[in-house]
Every structure is written in structure tokens, then in C-alpha cells.
Amino acid sequence: MKKYIKYLSIFTVVVVAFVFACAKKENKETILKGTTTILVDETLTPIIEDQIAVFQNEYDAKIKLISQSEKEAVLSLSKGVADVIVLPRKLSSDEEKLFKQKKIVPRTTVFAKDAIAFVMNKRSNDTLISVDEIVRFLKGEKNTIKGLVFDNPNSSNVEYITKLAGLNSLPENGVFSFGTNEEVLKYVASNDGMIGVVGVNWIFQPSLKMMDVLEQVNVLSVKSAKSNNYFFPSQENIATGDYPLARDLYIINCQGYEGLGMGFASFMSGEKGQRIILKSGLAPVRVPGRNIRIRN
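Now for a quick tour of the structure.

## Observations concerning the packing of helix H2 (residues 45-58) against helix H11 (residues 260-269)
Taken N-terminus to C-terminus, the directions of H2 and H11 make an angle of 105°; their axes are 11 Å apart at the nearest point. Taken as axis vectors, H2 and H11 run roughly perpendicular relative to one another. Within the contact between the two elements, H2 uses Ile48, Gln51, Ile52, Val54 and Phe55 and H11 uses Leu260, Gly263, Phe264, Phe267 and Met268. Broken down by class, the residue content of the contact of H2 with H11 amounts to 8 nonpolar, 2 polar and no charged.

## Remarks on the layout of surface pockets
Considering only enclosed or pocket space, the largest pocket measures out at about 160 Å³ in volume. Lining of the largest pocket is provided by Val131, Leu164, Ser224, Ala225, Lys226, Ser227, Pro244 and Leu245. Within the lining of the largest pocket, the residues separate by chemical class into 5 nonpolar, 2 polar and 1 charged.

## Examining the nonpolar core
Counting residues in each nonpolar core, the largest one holds 67 residues, and the members touching the most others are Phe111, Phe118, Leu138, Leu148 and Phe264. Among the elements that take part in this core, strand S4 (residues 107-121) stands out by supplying 8 residues, more than any other. Not counting chain neighbours up to four residues away, the residues in contact with Phe111 comprise Ile48, Val86, Leu249, Tyr250, Ile251, Met268, Gln274, Ile277, Pro284 and Val285. Formed by 14 residues, the second largest nonpolar core is a distinct cluster that contains Ala73, Val74, Leu87 and Ile252.

## Observations concerning the packing of aromatic side chains
With the rule as written, the count across this model stands at 4 aromatic pairs. Ring geometry for Phe55 versus Tyr59: centroids 5.1 Å apart, planes at 50°, classification tilted. Residue class for Phe55 comes out buried when judged on its relative accessible area of 0%. Taking 4.9 Å as the distance between ring centres and 40° as the angle between the ring planes, the aromatic pair formed by Phe178 and Tyr187 counts as tilted. What links up through ring pairs into an aromatic cluster is the set Phe55, Tyr59, Phe264 and Phe267.

## So, the packing of H2 against helix H12 (residues 271-280)
Two elements in contact, H2 and H12, have axes separated by 10 Å at closest approach and are oriented at 145°. With respect to the hand of their crossing, H2 and H12 are arranged in right-handed fashion. Where H2 approaches H12, its residues Ile47, Asp50, Gln51, Val54 and Glu58 are matched on the opposing element by Lys272, Gly273, Ile276, Ile277 and Ser280. A per-class count over the contact of H2 with H12 returns 4 nonpolar, 3 polar and 3 charged.

## Side note on helix H5 (residues 131-138)
For H5, the buried fraction is high: 6 of the 8 residues fall into the buried class. Turning to H5, its buried residues are Val131, Glu133, Ile134, Val135, Phe137 and Leu138. Contact partners of the buried residues in H5: S4, strand S5 (128-130), strand S6 (147-150), helix H6 (156-164), strand S7 (175-177) and strand S10 (221-223). Just beyond H5, the residue with positive phi is Gly140, at close to 95°.

## Quick look at the side chain of Ser130
Looking at the element boundaries, Ser130 is found in strand S5. Those residues in contact with Ser130, other than ones at most four positions away along the chain, are Lys223 and Tyr230.

## Let's talk about helix H7 (residues 181-190)
For H7, the full list of buried residues reads Asn181, Glu182, Val184, Leu185, Val188 and Ala189. Here the buried residues of H7 occupy an arc of 160° about the axis, which is enough to place them on one side.

## Description of unusual backbone geometry
Of note in this structure, Lys103 is not a glycine but carries a positive phi near 60°. Relative to the assigned elements, Lys103 resides in the loop between helix H4 (93-100) and S4. For Asn125, which is not glycine, the phi torsion reads 65° and is therefore positive. Mapped onto the fold, Asn125 is located in the loop between S4 and S5. The class of Asn125 is exposed, set by a relative accessible area of 64%.

The rules behind these values
- Residues numbered from 1 in each chain as written.
- Predicted model: local features only at pLDDT ≥ 70, side-chain atom pairs only at ≥ 80, totals over all residues.
- Heavy atoms only, no water.
- Axes fitted to C-alpha atoms, helices over the stretch in contact; angles between N-to-C directions.
- Helix = DSSP H or I, 4+ residues; strand = E, 2+ residues; numbered from the N terminus.
- Parallel < 35°, antiparallel > 145°, perpendicular 65-115°, else oblique.
- Contact = heavy atoms within 4.5 Å.
- Nonpolar A, V, L, I, M, F, W, Y, C, P; charged D, E, K, R; others polar.
- 1 Å grid on protein atoms, 1.4 Å probe; cavity = no way out; pocket = protein on both sides within 12 Å on 5 of 7 lines; lining within 4 Å.
- Points joined across faces, edges and corners; volume = space filled by probe spheres on them.
- Core = buried A, V, L, I, M, F, W, Y, C linked by side-chain atoms within 4.5 Å.
- Buried < 20%, exposed > 50% of the residue type's maximum accessible area, 1.4 Å probe, protein only.
- Phe/Tyr/Trp six-rings, centres within 6.5 Å; stacked < 30°, edge-to-face > 60°.
- Left-handed = near helix turned anticlockwise from the far one by under 90°.
- Arc of directions from axis to C-beta.

In C-alpha cells:
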């Protein structure tokens, strides 16, 4: 009897171990299946939310999205909070070194072009501004600009504009920061003369609660330093590079294995992902094909 119980116990352990191993194998992450976390620069959140929604609907995948300022997102990446990140820039050489030390080569995929937009309250009646005006204001020269409003001191918008002006940081006078792009739009809609600096994605893809706010602001056309013409941040002007504040968007995969990071990057740069970008108002890196049916 004791020998029977002994064999039964061994059999039970083997069965449990087999079931556990099978379950573990079934839950293994692949390029189209499993669970992962992706970091995103808050400026780009709307388009990535759209991409994730369609991707999850088509595949057995679950993606948790963490939206942060650019600097916070990169810091989270370095700490291992997630191994995939979406940014409006590539990783710097110093940032890449952290992964090369782990024998991981980050895979960088460009998937779209977006832009930084300037907005003002409609009561101001202004619809034009030049890059030179913005730069001179940031350098302390008085002009018609009353003040600039940014989303976050650590955001990619701040990083882009300070580099454009040749500064290491924003000046203290006449410059304000909030938490998100939505807060910037709300503030500008209620305060005359202030210029908001936001990602164009938040204008082309507003949430329902922001529709009324956007009706109260003008999106400004911008004159570049290289041209005497003003360009609106339309999809066409972003794609051609005529709009002076356009920039490439990247998904950077530091997983080091063939997981959802690879699958999601391929999806965004592929036919369906590019169609989502086209509909969003941003510029896809490649124009999706069109299927034309000819009926007799």
C-alpha cells in the first residue's frame, strides 16, 4: 500500500509539472502573442493608442501602454520598466551603450512623421508665426509674443524647441509648463495672447472631451528660417518637409528576443499600421496601397 501511495505521489508530481510546463509554454511571448509593456512619449499617445487597439483586436496580444514625458520614458527604459519605447528621436549613443553592455542591440524602426504645432486662442485672430519670432522670444528679445506654454519641462516638445533656439534650457520669464498636451490646449483656449506648444497628434486626433476646446483655438501656420512662405501643419506639408517643425517617429525595441516588440513594430510600419497613421492626419513613411475594384 505504501509503495502504491509512493508511486501515486510521484505520478501526481510528474503530471503537475507537465501541466505547468505546458501552461508556461502556451503563455510564452511571441511576435504576435503574449503580454508586454510599451513606453511612449506623451506627445505621441493618441496614435499609439489607436495602433495598440487594432493590434490587440487582430492578435492574441495584450500591450500595457505607459505614457510619460520623453525624459521620464527614457529613464524608465533604462531601469527596465519596459523594453520597448516610442519616441520622436533615436536613442543617443550613451543610451544605446546601456543595452550594448547587456549584449542587446536596440532595433529602431521609423514608422511616421508628426510635428510640433503652435496654437493660440481664436480671440487673438493671429494665424501666422515664424520660427525666428519664437527663437528671439526664448532668447529674451521682446516681440509680439506674450508667452509660451509647454506640456512638460521634460517633454520632447521642450527638447525640440530649446535645441532649435540653441539653448540648453527654457528661460524662466514668459514660459509656462503643465502636465500634458491637453492641459496646454485648455489653458490657451481660456487665455488670450498665449501660444501653446503641442504635438500635432493631439490636434488631429482629439478625444471627445477636447472637441469643444479645439474649436476655441487657431493652429498657426509657421514660417521657416529657410523660406518666406508660411506652412500649416497639414499631413501633406509634414510629409514633404515644408512644415519646418516636422520630425520622424520611432519605435525602439530593446527586448533582445523575438517578442511583441518586434511584432508591433512590424505592424506599425506595415500596411495596416500605415493606414492607421494616414487616417490620423500624421504622415506615414510609406503610402499604403489602394485596392481598386472594376465592375463590369
